[in-house]
Amino acid sequence: MAVMIHSKYGYEPPEWVQADARLDKWYKDKKRRAKQHGAFSLEKSVNKKPFKRTVKQAHISSPALFDCTQD
């Protein structure tokens, strides 16, 4: 029987522990780079509010304002 190692995910074979360590290191680096550049977030944001169009924005993007054929 293979030797089982106790990791933070439970008892696993040594190969799985190594794979978990590599994935954890990759995720930590990916998260750090995303935070550093501010490009995107890997985790879901709870505080984000959905985008709502205001009356002013709705009128600006209305195709009727840009239609020159109407009198």
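Residues numbered from 1 in each chain as written. Predicted model: local features only at pLDDT ≥ 70, side-chain atom pairs only at ≥ 80, totals over all residues. Heavy atoms only, no water.

### Brief notes about the pattern of salt bridges
Okay, so step 1: Applying the stated criterion to the full structure yields three salt bridges.
Okay, so step 2: Residue Asp29 is joined to Arg33 by a salt bridge in which the shortest nitrogen-to-oxygen separation is 3.1 Å. One end of the pair, Asp29, and the other, Arg33, are both in helix H1 (residues 14–37), four residues apart, so they sit about a helical turn from each other.
Okay, so step 3: The exposure class assigned to Asp29 is partly exposed, which follows from its relative accessible area of 30%.
Okay, so step 4: On the accessibility criterion, Arg33 (46% relative accessible area) is partly exposed.
Okay, so step 5: Each of the salt bridges in this network shares a partner with another, and the network as a whole consists of Asp29, Arg32 and Arg33. (Salt bridge = Lys/Arg side-chain N within 4 Å of Asp/Glu carboxyl O. Helix = DSSP H or I, 4+ residues; strand = E, 2+ residues; numbered from the N terminus. Buried < 20%, exposed > 50% of the residue type's maximum accessible area, 1.4 Å probe, protein only.)

### Some remarks on the confidence of the model for the protein chain
In regions of low pLDDT, the predicted coordinates are not meant to be interpreted in detail.
Okay, so step 1: Here the protein chain shows a mean pLDDT of 75. Residues at 70 or above account for 52%.
Okay, so step 2: Per-element mean pLDDT across the protein chain ranges from 54 in helix H3 (residues 63–66) up to 94 in strand S2 (residues 10–12). (pLDDT = per-residue confidence, 0-100.)

### Some points on the side chain of Asp20
Okay, so step 1: On the secondary structure map, Asp20 appears in helix H1.
Okay, so step 2: Excluding residues that lie within four positions of it along the chain, Asp20 makes contacts with Tyr9 and Glu12. (Contact = heavy atoms within 4.5 Å.)

### Some thoughts on the environment of Tyr9
Okay, so step 1: With respect to the helices and strands, the residue Tyr9 is situated in the loop between strand S1 (5–7) and S2.
Okay, so step 2: C-alpha of Tyr9 to C-alpha of Asp20: the two residues are 11 residues apart in sequence and 8.8 Å apart in space.
Okay, so step 3: When sequence neighbours within four positions are dropped, the list of residues in contact with Tyr9 reads Asp20 and Asp24.

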